[in-house]
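# Summary of structural features
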Protein chains: 2
Amino acid sequence: MLTSDLLRAGPGVRLADIDPRGTPGVTSRKDPKQWSRVEVSLIGAELASHQEMLYADAKAGSDPRRVLLVLQAMDCGGKDGTVKNVVGQFDPLGLRIVSFGAPTKEELAHPFLWRIKNALPPAGYVGVFNRSHYEDVLIVRVHDLVPRRVWARRYDTINRFEAELVGEGYTLVKVMLHISKEEQRKRLADRLSDPTKHWKYNPGDIDERGYWDDYQEAYQAVLDRCSTEAAPWYVVPADRKWYRNYAVAALLREAFEGLNLKYPKADFDLKNEVKRLEASM
Amino acid sequence: MLTSDLLRAGPGVRLADIDPRGTPGVTSRKDPKQWSRVEVSLIGAELASHQEMLYADAKAGSDPRRVLLVLQAMDCGGKDGTVKNVVGQFDPLGLRIVSFGAPTKEELAHPFLWRIKNALPPAGYVGVFNRSHYEDVLIVRVHDLVPRRVWARRYDTINRFEAELVGEGYTLVKVMLHISKEEQRKRLADRLSDPTKHWKYNPGDIDERGYWDDYQEAYQAVLDRCSTEAAPWYVVPADRKWYRNYAVAALLREAFEGLNLKYPKADFDLKNEVKRLEASM
């Protein structure tokens, strides 16, 4: 069964019913961490090969297509680890990664999609949003950074925006890395106990942790309202990093396979160029 | 001996005297390709570790430092391969790659450093310029895209600009990938004979090849005038891809080692945070 079918947030999906320690589609392994490392690197080679065709086809063939991975998660959910381990399999030349935080004052003064539109990947590229426009219905909703009537309209705006992107040649892979509150506690404790991880720790993370239930509710609303046919959400159980890496890699592979990419044909006279090269000693 | 000492373009350097098939600092190996793959991946792990400290120190400690790799080469010189194989060792999250071509009409209407300044990596990042401001004294000089009196002034402007960057915390690693005319012919022929590489081929490459000697002269002028104490040039013999990858990785490692990076200290009260976390069940 396809990973995308296993993890797609369909109608009636209940986040609270999805086990963050689950491993859908992967039966028990002797050494799952090692298995995943090998698997991700094998899938990674396929991803890099798809990426080259995507890039080639945009460059030489004016193909408008591009792939955009949208990563969302609670703090410590594993976004950075996913970028390092999964996105790191791509050729960096054809990659555009943008991180978004809570909107700044300047960003709040613009329509909420302003900063997003400025950060979209060009044709042929793989884009990664490390957080995204969904922050505008997550942290913004939880903390009332704008009035309710403003954020409440955004779900429809986001759906229209994403449908437009898909119409223009974007393939969106929207992934929520789903961790448990207990796993977040472990990871925060780990950051506190390891001096080489102190820089990742922010006392504000504990404050945000106090809003856990509000965030889960906000994520549920995202799944209810923005997991569309054109751009579905995938919920990846993420307490186990090895499964998370595998699942995101598998979702990307399936997205690329759906594109049926091929290398573009030469737009020059091959024989003539061979002659010209020979003459250019 | 340090790779940077072996490859630095010092006073009186003659590009014509540097063997593009040379392997300075590497004695003969049974299987040099395999040796290089392993070596680059080992150095790569060190690079990723340095990069994390650089990133951490900027994020948590306001350290202004950053590293900028500047790649220049003739067509087929191996810039893209270097990005894939060497730069690909970094965590993509802390990486900023920008490719520059011959300046566009819009870019020509601005001071030549305009597009460069817009593309500089933020503090804590590793930046890569795939071609750079040196195009403005290379292709621009060879094809007189601006009058001689204009490009002739640029060497000094570039030196001042780079000295400023170094003063602001940039470490520049300027690498010229040095290939022979015969190696370029082989690589162009390879692109023509392999349908999966046709997209990389551009008939204009043969036209440019006709200016080989002019380009070598323009590169020589760059080495003569812009290999400064603050920001030296390194000439990497690049006919052998395995050596090129190894040498660029080694140059980057030496640059990072010179920074003596350390993880930043916690700027919060550790005991208090442990208590807060325990209380946040």
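Residues numbered from 1 in each chain as written. Chains lettered and ligands numbered in written order. Predicted model: local features only at pLDDT ≥ 70, side-chain atom pairs only at ≥ 80, totals over all residues. Heavy atoms only, no water.

Here the focus is unusual backbone geometry. Even without a glycine there, the phi angle at Asn260(A) is positive, about 50 degrees. Relative to the elements of secondary structure, Asn260(A) occurs in the loop between helix H11 (241-257) and helix H12 (270-278). In this model, Cys76(B) sits at a positive phi of 70 degrees, which is unusual for a non-glycine residue. Counting through the fold element by element, Cys76(B) comes out in the loop between strand S1 (66-73) and helix H3 (79-85). Of the residues examined, Cys76(B) reaches a relative accessible area of 8% and is grouped as buried. (Helix = DSSP H or I, 4+ residues; strand = E, 2+ residues; numbered from the N terminus. Buried < 20%, exposed > 50% of the residue type's maximum accessible area, 1.4 Å probe, protein only.)

So, about the sheet that holds strand S4 (residues 170-178) of chain B. Residue and element names in this part refer to chain B. Ordered by their spatial adjacency, five strands build an open sheet running S2-S3-S1-S4-S5, and the pairing between neighbours is parallel. Single-partner strands in this sheet number two, and they are strand S2 (95-99) and strand S5 (233-237). Pairwise comparison of adjacent strand axes, ignoring direction, gives a mean angle of 20 degrees for this sheet. (Pairing = 2+ DSSP bridges. Axes fitted to C-alpha atoms, helices over the stretch in contact; angles between N-to-C directions.)

Here the focus is the UniProt feature "domain: Polyphosphate kinase-2-related" (unreviewed entry) in chain A. Using the residue numbers shown here, the UniProt feature "domain: Polyphosphate kinase-2-related" (unreviewed entry) corresponds to residues 51-257 of chain A. Along residues 51-257 of chain A, the helical share is 49% and the strand share 15%, with 11 Å between the first and last C-alpha atoms. (UniProt positions renumbered as here; feature names shortened; annotations may be inferred.)

All names here are of chain B. Between helix H2 (residues 32-61) and helix H11 (residues 241-257), the least distance of the axes is 9 Å, while the angle of their chain directions is 25 degrees. Classified by the angle their axes make, H2 and H11 are roughly parallel. The interaxial crossing formed by H2 with H11 has left-handed handedness. Contacts from Pro32, Lys33, Trp35, Ser36, Glu39, Val40, Ile43, Glu46, Leu47, His50, Gln51 and Leu54 of H2 reach H11 at Trp242, Asn245, Tyr246, Ala249, Ala250, Leu252, Arg253, Phe256 and Glu257. When its residues are assigned to classes, the contact of H2 with H11 shows twelve nonpolar, four polar and five charged. (Parallel < 35°, antiparallel > 145°, perpendicular 65-115°, else oblique. Left-handed = near helix turned anticlockwise from the far one by under 90°. Contact = heavy atoms within 4.5 Å. Nonpolar A, V, L, I, M, F, W, Y, C, P; charged D, E, K, R; others polar.)

On to the interface of chain A and chain B, then. Contacts between chain A and chain B engage 43 residues on the former and 43 residues on the latter. Counting each side, the surface lost to burial between chain A and chain B is near 3900 Å², with a carbon and sulfur contribution of 70%. When the buried surface of chain A facing chain B is broken down by residue, Leu93(A), Trp199(A) and Leu277(A) rank first, second and third, together holding 19% of it. Applying the counting criterion to the chain A and chain B interface returns two salt bridges. In this structure, Arg276(B) and Asp207(A) form a salt bridge, with 2.6 Å as the shortest nitrogen-oxygen distance. (Buried area = accessible area lost by both parts, 1.4 Å probe. Salt bridge = Lys/Arg side-chain N within 4 Å of Asp/Glu carboxyl O.)

The subject of this paragraph is the pairing of S4(B). All names here are of chain B. Among the nine residues that make up S4, nine are buried, leaving the element largely enclosed by the rest of the structure. What you see with S4 is no split at all: Tyr170, Leu172, Lys174, Met176 and His178 on one side and Thr171, Val173, Val175 and Leu177 on the other are buried throughout. Relative to S4, S1 is paired through eight bridges, and the arrangement is parallel. Counterpart to Val67 in the pairing with S4 is Thr171. Taken together, the five bridges between S4 and S5 define a ladder with parallel strand orientation. Among the inter-strand pairings, Leu177 is bridged to a residue of S5, identified as Val236.

We now examine the packing of helix H7 (residues 148-167) of chain A against helix H10 (residues 212-226) of chain A. Residues and elements named next belong to chain A. Contact geometry for H7 and H10: axes closest at 10 Å, N-to-C directions at 45 degrees. As judged from the angle between their axes, H7 and H10 are oblique. When the axes of H7 and H10 are compared, the crossing they make is right-handed. Judged by residue contacts, Ala152, Tyr155, Asp156, Ile158, Asn159 and Glu162 of H7 engage Ala221, Val222, Arg225 and Cys226 from H10. Within the contact of H7 with H10, the residues separate by chemical class into six nonpolar, one polar and three charged.

On to empty space enclosed by the protein. Think of a ball as big as a water molecule: rolled over the atoms, this probe shows where empty space is left. With the rule as written, the count across this model stands at two cavities of 30 Å³ or more. Reported here for the largest cavity is a volume of approximately 50 Å³. Taken together, Pro103(B), Glu107(B), Leu108(B), His110(B), Pro111(B), Phe112(B), Trp114(B), Arg115(B), Asp136(B) and Arg154(B) make up the lining of the largest cavity. Put simply, the parts of the chain that give the lining of the largest cavity at least two residues each are helix H4 (105-108) and helix H5 (114-117) of chain B. The class makeup of the residues in the lining of the largest cavity is five nonpolar, one polar and four charged. What the second largest cavity holds in volume is close to 40 Å³. Taken together, Val87(A), Gly88(A), Phe90(A), Pro92(A), Leu95(A), Val87(B), Gly88(B), Phe90(B), Pro92(B) and Leu95(B) make up the lining of the second largest cavity. Each residue belonging to the lining of the second largest cavity can be placed in one class, and the counts come to eight nonpolar, two polar and no charged. (1 Å grid on protein atoms, 1.4 Å probe; cavity = no way out; pocket = protein on both sides within 12 Å on 5 of 7 lines; lining within 4 Å. Points joined across faces, edges and corners; volume = space filled by probe spheres on them.)

Looking now at the side chain of Asp63(A). Residue and element names in this part refer to chain A. Residue position: Asp63 is located in the loop between helix H2 (32-61) and strand S1 (66-73). A distance of 2.9 Å separates the side chain of Asp63 from the backbone nitrogen of Arg65, its partner in a polar contact. For Asp63, the residues in contact, after removing those within four places along its chain, are Asp57, Ala58 and Ala123. (Polar contact = N/O pair within 3.5 Å; in protein donor to acceptor, adjacent residues only side chain to side chain.)

A few words on the sheet that holds strand S5 (residues 233-237) of chain A. Residue and element names in this part refer to chain A. Read across the open sheet, the five strands follow the order S2-S3-S1-S4-S5; overall the sheet is parallel. This sheet does not close on itself; its edge strands, each paired only once, are strand S2 (95-99) and S5. Strand-to-strand twist in this sheet, taken as the mean axis angle between neighbours without regard to direction, amounts to 20 degrees. Direction of pairing for S1 relative to strand S3 (residues 126-130): parallel, over a ladder of five bridges. Residue pairing in the sheet places Leu68 in a bridge with Gly127 of S3.

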